[in-house]
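# Understanding the architecture of this molecule
If you want the building blocks of each chain, they are given just below.
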Amino acid sequence: MSFIEKIFGNPNEKYLQKINPLVDKINFLEKDFEKIPNESLREKTFEFKERLKKGEELKDILPEAFALVREAAKRTLGQRHFDVQLMGGIALFEGKIVEMKTGEGKTLAATLPLYLEALSGKGCHLVTVNDYLARRDTVWMGQIYHILGLSVGCLNHEQAFLYDPDYKKPPEEKDKIRDELGSFYVVEDFLRPCSRKEAYLADITYGTNHEFGFDYLRDNMVYQKEDIVQRGHHFAIVDEVDSILIDEARTPLIISAPSEEPEEIYYFFAKIAEILKKDQDYKVLEKERSITWTEEGQERVISLLKFDPWTAGDFKSVHKLENALKAKEFFVLDKDYVIKNGEIIIVDEFTGRLMPGRRWSQGLHQAVEAKEHIRGKKEVKVKKESITLATITLQNYFRMYEKLSGMTGTAATSAEEFEKVYGLEVVVIPTNKKMIRRDLPDKIFKTEKIKFEMIVEENKKRRQKGQPVLVGSRSIEKNEYLSSLLRKEGIPHQVLNAKHHEKEAQIIAQAGKLGAITIATNMAGRGVDIVLGGNPPDEKEAQKVKELGGLFVLGTERHEARRIDDQLRGRAGRQGDPGETQFFVSLEDELIRIFGGEKIKNLMEKFNFPDKEPIQSNLITK
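## Brief notes about the overall build of the protein
Within the protein one finds 25 helices and 23 strands. The C-alpha radius of gyration computed for the protein amounts to 27 Å, which stays within 12% of the reference 25 Å derived for 622 residues, consistent with globular compactness. Overall size of the protein, expressed as C-alpha extent along the three principal axes, is 85 × 65 × 60 Å. In the protein, the proportion of contacts linking residues at least 24 apart, taken out of those at least 6 apart, comes to 76%.

See below:
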């Protein structure tokens with residue numbers, strides 16, 4: 001405890017104590033609300049709206065509204081909001097960033113403030129990280145809002161839907177499947193296609209940050225008022241708020257038109273970049289992700305171009321050449337991007353997800369396309385550079401909301417940034433059951449090769465006793481390399497990376513089964529719960545997994561953003577379950593290498609440190 005906390009007390013504890021009477025009031029109302037028949041639940045919504053018209057404020061009807069949503073969830077989902085979820089809902093309503101650990105039910109907690117704010121009739125937005133989660137939550141949570149008489153919209157890339165249980169009139173077994181597997185399986189029969197304007201006119205709209213942002217840009221480019229699809233920015237809850245408001249905050253959303261630069265020029269500079277030699281013609285600055293020229297390199301460029309671009313002031317050519325070198329040195333296939341149907345598709349470094357339609361700016365994307373084309377991927381063609389017509393950063397877009405709140409499993413480490421940039425306070429909600437997960441100190445190996453050998457050994461050992469393992473990697477390349485090593489050893493496993501996006505939810509949902517080994521990129525840290533014993537859970541199997549120590553999460557590399565590592569750790573030990581986490585790191589890993597790993601490696605070699613003996617220390621882990 002800090003000196004200031006000793007004098008003034010912990011502000012987080014104070015806030016939780018302040019909202020406790022509200023939680024007690026909601027609990028007190030539960031018995032009365034249980035007596036309301038199903039058909040009368042909608043009437044309560046109408047009653048609340050009338051009370052607001054007569055001058056009552058949203059905060060005045062909060063206990064009743066929250067008690068009503070809890071009752072609707074019990075009847076439709078068979079789930080009852082825990083007290084900690086009520087706390088999270090109150091904090092979200094009050095415009096705060098809420099940290100709730102993985103598996104604590106953020107999706108259900110968000111239904112409380114969304115319902116309450118939707119009563120104002122101005123529309124509410126739930127911003128999530130991908131199209132799949134937007135559809136999942138619309139179908140899963142839509143039944144709560146529907147029984148209460150509110151409409152729900154869903155935005156996807158070039159698609160929009162309304163929640164409508166009468167659209168295809170799905171049979172009863174599909175409704176049962178939705179209730180059992182709703183956390184990872186989307187029953188599309190409940191989604192009726194509609195226009196984007198209709199989706200925004202719904203009381204509550206689910207969608208990704210990009211869909212909301214690009215619709216705003218397009219609305220600013222239309223000529224007629226009736227073509228505008230959005231209806232203002234009243235209230236938004238941002239799911240995985242650290243990913244969207246921090247990791248991607250400065251990423252500009254851009255609507256552009258093609259320029260007239262011929263594609264041959266990019267192939268020309270890509271060929272020159274292949275000729276030039278690292279350390280001889282140019283130096284690579286890994287930390288800054290830039291290059292510097294040597295005298296010899298500049299002379300070679302002059303002889304290849306047959307003129308001196310530096311003295312001629314031809315900065316356009318220098319820029320294109322440096323882009324070609326950056327594409328060669330910093331942009332790696334199956335790590336930073338994949339090739340799909342002849343297109344270079346960026347892989348999000350924080351989540352491991354594919355980002356179709358996103359392109360690197362200032363000619364970098366064209367440089368990567370040209371590099372792959374001249375290396376034999378003839379299906380990859382250079383697409384023209386773009387002229388920007390409209391742009392906004394996510395940071396500026398979300399500042400437009402009258403009230404903004406967010407939720408994530410890892411917000412406390414970024415509390416200062418949320419406060420300074422957005423003026424948002426972070427509240428850490430306690431877990432429903434005590435956290436008993438064991439976070440083991442990192443194991444640090446001399447080389448990457450040895451590290452992967454030891455990861456295979458660890459998987460073999462855990463599988464023999466039946467303990468499920470989730471292995472997290474930073475890139476698709478490393479993910480597939482580890483998969484090939486496990487295949488050689490005959491160890492059955494599932495692979496989850498941005499190339500298998502469609503099966504992502506089904507794979508991750510079963511990662512807690514007895515003896516399961518799942519290898520995943522960073523996307524494993526987001527969206528879907530890992531339930532011990534599989535999903536839906538088998539009670540006997542779940543008990544056996546608990547006796548074996550729960551889910552073991554093994555990280556294969558540290559990330560520069562500590563939160564990303566914490567998200568991976570958070571997959572184990574949900575809802576009071578046992579679990580273990582550990583990172584296996586090598587001195588050749590990018591992050592360790594940048595921060596002096598080479599010096600430690602030289603010392604280990606000098607003192608004949610055994611190859612397979614790891615350095616293990618809590619100090620290094622910190």
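## Examining the packing of helix α5 (residues 83-93) against helix α6 (residues 106-118)
Packing of α5 against α6 leaves a shortest axis separation of 8 Å and a crossing angle of 40°. In this view, α5 runs oblique relative to α6, as classed from their interaxial angle. Like other packed secondary-structure pairs, α5 and α6 cross with a definite hand, here right-handed. Across the interface between the two elements, Gln-85, Leu-86, Gly-89, Leu-92 and Phe-93 of α5 pack against Leu-108, Ala-109, Ala-110, Leu-112, Pro-113, Leu-116 and Glu-117 of α6.

## A closer look at the packing of helix α3 (residues 38-53) against helix α4 (residues 62-76)
The interhelical angle for the contact between α3 and α4, taken along N-to-C directions, is 160°, at an axis separation of 11 Å. It follows from the interaxial angle that α3 and α4 lie roughly antiparallel. Seen from above, α3 lies across α4 with left-handed handedness. Between α3 and α4, the contacting residues are Asn-38, Leu-41, Lys-44, Thr-45, Phe-48 and Arg-51 on the first element and Glu-64, Ala-65, Leu-68 and Arg-75 on the second. A per-class count over the contact of α3 with α4 returns four nonpolar, two polar and four charged.

## Comments concerning the pattern of salt bridges
By the definition in use, this model includes 45 salt bridges. Across the salt bridge formed by Lys-377 and Glu-372, the nearest N and O atoms sit 4.0 Å from each other. Look at Lys-377 and you get partly exposed, because its relative accessible area is 31%. Owing to a relative accessible area of 3%, Glu-372 belongs among the buried residues under this scheme. Put simply, Arg-437 and Asp-439 hold a salt bridge, and the shortest N to O gap is 2.8 Å.

## Here's the deal with the nonpolar core
Residues Leu-114 and Phe-398 are the most contacted members of the largest nonpolar core, which totals 122 residues. Of the residues forming this core, the biggest block, nine residues, is contributed by helix α7 (residues 131-147). Here this core spans two domains, and each of domain 1 (3-255 + 395-428) and domain 3 (438-616) adds at least three residues to it. Not counting residues within four places of it along the chain, the set of residues in contact with Phe-398 comprises Val-127, Asn-209, Val-238, Ile-244, Leu-245 and Leu-404. In terms of nonpolar packing, the next biggest core, distinct from the first, is built from 25 residues, Ala-324, Ala-327, Ile-344 and Val-380 among them.

## Some words on the state of the cysteines
As enumerated under the stated definition, the model contains zero disulfides in all. Of all cysteine sulfurs, the one in Cys-154 lies closest to Cys-124, which takes part in no disulfide; the gap is 16 Å. Owing to a relative accessible area of 0%, Cys-124 belongs among the buried residues under this scheme. Its sulfur unpaired, Cys-194 is 8.7 Å from the next cysteine sulfur, which belongs to Cys-154.

## Notes on the packing of aromatic side chains
Tallied over the entire structure, the rule returns twelve aromatic pairs. With a centroid separation of 6.3 Å and 85° between ring planes, the pair formed by Tyr-337 and Trp-360 is classed as edge-to-face. Of this pair, Tyr-337 sits in strand β11 (residues 337-340) while Trp-360 sits in the loop between β12 (343-346) and α15 (364-374), and the two are 23 residues apart along the sequence. Judged by its relative accessible area of 0%, Tyr-337 falls in the buried class. Aromatic side chains Phe-445 and Phe-584 sit 5.7 Å apart centroid to centroid with 45° between the ring planes, which places their arrangement in the tilted category. Taken as a pair, Phe-445 in strand β17 (residues 443-445) and Phe-584 in strand β22 (residues 579-586) lie far apart in primary sequence, 139 residues in all. On the accessibility criterion, Phe-445 (2% relative accessible area) is buried. You can call Phe-584 buried: its relative accessible area is 1%. Counting every residue linked through ring pairs, the aromatic cluster contains Tyr-216, Tyr-397, Phe-398 and Tyr-401.

## Here's the deal with the environment of Leu-92
You can see Leu-92 is positioned in helix α5. A relative accessible area of 0% means that Leu-92 is categorised as buried. Once the C-alpha coordinates of Leu-92 and Val-427 are considered, the two residues, 335 residues apart in sequence, prove to be 9.4 Å apart.

## Some points on the domain arrangement of the protein
Often, the extent of an interface is quoted as the loss of accessible area on bringing the components together. Per the domain assignment, the segments making up the protein are domain 1 (3-255 + 395-428), domain 2 (263-384) and domain 3 (438-616). Between domain 1 and domain 3, the contact holds 21 residues from the first and 19 residues from the second. Taking both partners together, domain 1 and domain 3 bury about 1700 Å²; carbon and sulfur atoms supply 51% of that area. Taken together, domain 1 and domain 3 are joined by zero salt bridges.

## Examining the environment of Phe-584
Considering only alpha carbons, one finds Phe-584 and Glu-172, 412 residues apart in sequence, at a separation of 47 Å. Not counting chain neighbours up to four residues away, the residues in contact with Phe-584 comprise Lys-443, Phe-445, Lys-451, Met-454, Ile-455, Glu-458, Leu-554, Gly-555, Thr-556 and Glu-557.

## Thoughts on the sheet that holds strand β2 (residues 124-128)
Strand order in the open sheet formed by nine strands is β5-β4-β3-β6-β2-β7-β14-β1-β15, with mixed pairing between adjacent strands. Strands at the two margins of the open sheet, each flanked by one partner only, are β5 (191-193) and β15 (426-428). Ignoring which end each strand starts from, the neighbouring axes of this sheet average 20° apart. Pairing analysis gives three bridges linking strand β1 (residues 97-99) to strand β14 (residues 403-408), with the strands arranged parallel. Each residue of the ladder has a partner; that of Ile-97, found in β14, is Gly-406.

## Comments concerning the pairing of strand β4 (residues 159-163)
Of all five residues in β4, four are buried, a share of seventy percent or more. As paired elements, strand β3 (residues 152-156) and β4 share four bridges and run antiparallel to each other. Looking across to β4, one finds that Cys-154 is bridged to Phe-161. Sheet analysis places β4 next to β5, joined by three bridges and oriented antiparallel. The partner of Leu-162 across the bridge, within β5, is Arg-192.

## Re the side chain of Lys-44
Mapped onto the fold, Lys-44 is located in helix α3. Assessed through its relative accessible area of 16%, Lys-44 is described here as buried. The contacts of Lys-44, once residues within four sequence positions are left out, are Phe-33, Ile-36, Glu-64 and Leu-68.

## Some details on the pairing of β12
Pairing of β11 with β12 involves four bridges; the strand directions are antiparallel. Following the sheet pairing, Ile-339 is matched in β12 by Ile-344. Hairpin connection of β11 to β12: two residues between the antiparallel strands, including Asn-341 at a positive phi of 50°.

What counts and what doesn't
- Residues numbered from 1 in each chain as written.
- Predicted model: local features only at pLDDT ≥ 70, side-chain atom pairs only at ≥ 80, totals over all residues.
- Heavy atoms only, no water.
- Helix = DSSP H or I, 4+ residues; strand = E, 2+ residues; numbered from the N terminus.
- Rg over C-alpha atoms; globule rule 2.2 N^0.38 Å.
- Contact = heavy atoms within 4.5 Å.
- Axes fitted to C-alpha atoms, helices over the stretch in contact; angles between N-to-C directions.
- Parallel < 35°, antiparallel > 145°, perpendicular 65-115°, else oblique.
- Left-handed = near helix turned anticlockwise from the far one by under 90°.
- Nonpolar A, V, L, I, M, F, W, Y, C, P; charged D, E, K, R; others polar.
- Salt bridge = Lys/Arg side-chain N within 4 Å of Asp/Glu carboxyl O.
- Buried < 20%, exposed > 50% of the residue type's maximum accessible area, 1.4 Å probe, protein only.
- Core = buried A, V, L, I, M, F, W, Y, C linked by side-chain atoms within 4.5 Å.
- Domains from an automatic or database assignment.
- Disulfide = S-S within 2.5 Å.
- Phe/Tyr/Trp six-rings, centres within 6.5 Å; stacked < 30°, edge-to-face > 60°.
- Buried area = accessible area lost by both parts, 1.4 Å probe.
- Pairing = 2+ DSSP bridges.

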